[in-house]
Amino acid sequence: MKCKILDGKATSAAIRSEIKDKVETIVKNGGRRPSLVAILVGNNPASRTYVANKEKACAEAGFASEVKRLSENITEEELLSLICSINKDTNIDGLIVQLPLPKHIDEHKVIAAINPIKDVDGFHPVSAGRMMLGEDTFLPATPMGIMTLLERYEIDTKGKHCVVLGRSNIVGRPMANLLSRKGTPGDCTVTICHSRTKDIASYTKTADIIVAAIGIPLFLKEDMVKEGVVVIDVGINSVEDNTRKSGYRLVGDVDYDSVAPKCSYITPVPGGVGPMTIASLLQNTLKAYEAKAL
Ligand code: NAD
């Protein structure tokens, strides 16, 4: 089977260029730029990289953006108070708090403090609830990006068996919800597998579509998938690689080299889901801006 690449990098670039054009038109007509504030607490290297990438993407799209870098030792009260002041600032459209937060801060409380009209990460309980009900809302960026990728590549999902590996609130669960929704893409029959699932291969072998989001390097192997499967690899795992100058390389949750020959479509890592996540964040921020402009 000839496997086709679902090129998240190119698709994301196309979406970001569409957004940039829209912003240029807004600004040309005297409007203000859409704006995003990201809060980064502490010095987690992965979080710093993610936030830097988001900041760069915002600048390229013509958004105004700011990163509030806070000390690891900030109190929960101080963080909540900052969120409260950003909620009130009418010039700020979107607010994201980079996760994970230090242990002494209650993540749920912090997310719940964000005004849902600025919740461009789609993590607020109101956004999650609306998504569950199929109402218009901010969708979490990673599953949203995957839906966009499936849509733009016109992958047939109707009536297909989709196995989602992982049940996190930011990827696995919302992914399963969106794929099982009525619509295109959607209308899948979805199975969620997680850390307590017995014999995962018995599910993945019957899957037409697999979304792997568990955070275990190269977990999905060739003998776990059937011929013609569509594989979406969400995992971003750093593994030791002494052939690289950095001493490491990034791999997904899928053993790409052995699995790809059996696939009809597959996302690479890097260059698959990651760039789509950023594109979705920009789309959500523009949506927040436009909702306010109405
Ligand atoms: P998480 O740690 O919150 O959740 C992992 C999930 O995997 C859990 O639901 C758990 O039940 C399941 N799991 C763990 N071990 C398992 C096993 N042996 N078999 C089956 N299921 C198992 O992770 P997350 O935040 O959902 O992220 C998952 C992966 O996706 C990570 O590698 C993360 O870095 C990556 N990620 C990538 C993007 C992106 O933009 N590409 C965005 C978010 C997360």
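Scope of this entry: the structure provided in the associated data block.

1. Focus: the pattern of salt bridges
1) Next: Inspection of the entire model under this criterion finds 15 salt bridges.
2) Next: In this structure, Arg16 and Glu60 form a salt bridge, with 3.5 Å as the shortest nitrogen-oxygen distance. Residue Arg16 is found in helix H1 (residues 8-28), and its partner Glu60 is found in helix H2 (residues 45-61); the two are separated by 44 residues along the sequence.
3) Next: You can call Arg16 partly exposed: its relative accessible area is 22%.
4) Next: By relative accessible area, which is 41% here, Glu60 ends up partly exposed.
5) Next: A salt bridge links Asp241 to Arg244; the nearest nitrogen and oxygen atoms lie 3.6 Å apart.
6) Next: Classification of Asp241 as buried rests on a relative accessible area of 10%.

2. Some thoughts on the sheet that holds strand S2 (residues 35-41)
1) Next: The strand order S3-S2-S4 describes an open sheet built from three strands, whose pairing is parallel. Two strands bound the open sheet, and with one partner strand each, they are strand S3 (64-70) and strand S4 (94-97). Between one strand axis and the next, the sheet turns through 15 degrees on average, direction left out of account.
2) Next: By the bridge criterion, four bridges tie S2 to S4 in an arrangement that is parallel.

3. A short note on H1
1) Next: The terminal C-alpha atoms of H1, which comprises 21 residues, lie 30 Å apart, in line with the 30 Å expected from a rise of 1.5 Å per residue.
2) Next: By the N-cap criterion, in which a side-chain oxygen at the helix start approaches the backbone nitrogen of a residue two or three places on, H1 is capped by Asp7, the distance to Lys9 being 3.1 Å.
3) Next: Looking one or two residues beyond H1, the residue adopting positive phi is Gly30, at roughly 90 degrees.

4. Considering the layout of surface pockets
1) Next: Here the largest pocket defines a volume of roughly 1,500 Å³.
2) Next: As for the largest pocket, its lining consists of 49 residues, and the residues nearest its centre are Tyr50, Thr142, Ile236, Gly274 and Thr277.
3) Next: If you list the elements that add at least two residues to the lining of the largest pocket, you get H1, H2, S4, helix H6 (141-152), strand S9 (237-240), strand S10 (248-251) and helix H10 (273-293).
4) Next: Tallying contributions element by element places H2 first for the lining of the largest pocket, with nine residues.
5) Next: For the lining of the largest pocket, the class distribution of residues is 25 nonpolar, 16 polar and eight charged.
6) Next: Empty space within the second largest pocket amounts to approximately 420 Å³.
7) Next: Surrounding the second largest pocket, 17 residues form its lining, His108, Phe123, Ala128, Asn169 and Ile170 being those nearest its centre.
8) Next: Where the lining of the second largest pocket is concerned, the elements lending two or more residues are helix H4 (107-113), helix H5 (125-133) and helix H7 (172-180).
9) Next: Among the elements that line the lining of the second largest pocket, the one with the most residues is H5, at four residues.
10) Next: Of the residues contributing to the lining of the second largest pocket, the split by class is 10 nonpolar, five polar and two charged.

Conventions we followed
- Residues numbered from 1 in each chain as written.
- Predicted model: local features only at pLDDT ≥ 70, side-chain atom pairs only at ≥ 80, totals over all residues.
- Heavy atoms only, no water.
- Salt bridge = Lys/Arg side-chain N within 4 Å of Asp/Glu carboxyl O.
- Helix = DSSP H or I, 4+ residues; strand = E, 2+ residues; numbered from the N terminus.
- Buried < 20%, exposed > 50% of the residue type's maximum accessible area, 1.4 Å probe, protein only.
- Pairing = 2+ DSSP bridges.
- Axes fitted to C-alpha atoms, helices over the stretch in contact; angles between N-to-C directions.
- Expected span 1.5 Å × (residues − 1).
- Polar contact = N/O pair within 3.5 Å; in protein donor to acceptor, adjacent residues only side chain to side chain.
- 1 Å grid on protein atoms, 1.4 Å probe; cavity = no way out; pocket = protein on both sides within 12 Å on 5 of 7 lines; lining within 4 Å.
- Points joined across faces, edges and corners; volume = space filled by probe spheres on them.
- Nonpolar A, V, L, I, M, F, W, Y, C, P; charged D, E, K, R; others polar.

Honestly, it's all geometry; don't read function into it.
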